[in-house]
Amino acid sequence: GENVEQHPSTLSVQEGDSAVIKCTYSDSASNYFPWYKQELGKGPQLIIDIRSNVGEKKDQRIAVTLNKTAKHFSLHITETQPEDSAVYFCAASGGGYQKVTFGTGTKLQVIP
Amino acid sequence: EAGVAQSPRYKIIEKRQSVAFWCNPISGHATLYWYQQILGQGPKLLIQFQNNGVVDDSQLPKDRFSAERLKGVDSTLKIQPAKLEDSAVYLCASSFSPGLVNEQFFGPGTRLTVL
């Protein structure tokens, strides 16, 4: 089955700085890579996603890159704000029913 | 648009007792998922329904866990009997349809503590 590794497990940045979270996946059949943000006491919420036919996608301060050859994808948050503080999960999805496998999560703390 | 509803939000039981969780997905969503999220880890898929049929339950501990989705709408997840290691947040999610790349919408989860 698919295996998704995520690093770092914790990340502290100063407000206004950038944050980068990296993930690798094992199954070359995976074709959809969502990123979720989870705040305390809530379920994960999709913040951005990328498909295997695209190398990069940007949405305001958030961008995701995908390297299919290396089976590697990353989340970039620029101009971080305190409200960006949360746990972020990468995931990989593929197969007929698009089973989603999550990474282990990154706790991001943005220091005002 | 109403989100995914789950109840109860919190549950405390003793080991060997039984517990059931309920999920109401977003209207019109054909696919429903149950995930187990242990503290400090990512969600792990337990079971995935397409309408009222199971398409993946490979990680469901079938000796103690069961789930059903009658009429292809609401779903219940049951644990009987519970073990200490079942302490986790149980998340329900839904999506419009499988086989297509589309977003999963998560409920707030049920936090289960087994003493």
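Residues numbered from 1 in each chain as written. Chains lettered and ligands numbered in written order. Predicted model: local features only at pLDDT ≥ 70, side-chain atom pairs only at ≥ 80, totals over all residues. Heavy atoms only, no water.

## Details of the packing of aromatic side chains
Residues and elements named next belong to chain A.
Then, in step 1: According to the stated counting rule, one finds 13 aromatic pairs over all chains in the structure shown.
Then, in step 2: Ring centres 4.7 Å apart and planes at 45° place the aromatic pair Tyr25 and Phe33 in the tilted group.
Then, in step 3: With a relative accessible area of 6%, Tyr25 lands in the buried category.
Then, in step 4: We classify Phe33 as buried; its relative accessible area is 0%. (Phe/Tyr/Trp six-rings, centres within 6.5 Å; stacked < 30°, edge-to-face > 60°. Buried < 20%, exposed > 50% of the residue type's maximum accessible area, 1.4 Å probe, protein only.)

## Things to note about the sheet that holds strand 3 (residues 19-25) of chain A
Residue and element names in this part refer to chain A.
Then, in step 1: Strand order in the open sheet made by the five strands is 1-3-8-7-6, with antiparallel pairing throughout. Of all strands in the sheet, those with a lone pairing partner are strand 1 (4-7) and strand 6 (56-59), marking the two edges. Strand-to-strand twist across the sheet, computed as the mean angle between neighbouring axes with direction ignored, equals 15°. (Pairing = 2+ DSSP bridges. Helix = DSSP H or I, 4+ residues; strand = E, 2+ residues; numbered from the N terminus. Axes fitted to C-alpha atoms, helices over the stretch in contact; angles between N-to-C directions.)

## Let's talk about the nonpolar core
Then, in step 1: Counting residues in hydrophobic clusters, the biggest one holds 23 residues, and the most contacted among them are Trp35, Phe73, Leu75 and Leu108 of chain A.
Then, in step 2: Those elements that provide at least two residues to this core are strand 2 (10-14), strand 3, strand 4 (30-38), strand 5 (45-51), strand 7 (62-67), strand 8 (72-77), strand 9 (86-94) and strand 11 (106-111) of chain A.
Then, in step 3: Counting residues in each nonpolar core, the second largest holds 21 residues, with Leu60, Phe65, Ala88 and Cys92 of chain B among its members. (Core = buried A, V, L, I, M, F, W, Y, C linked by side-chain atoms within 4.5 Å.)

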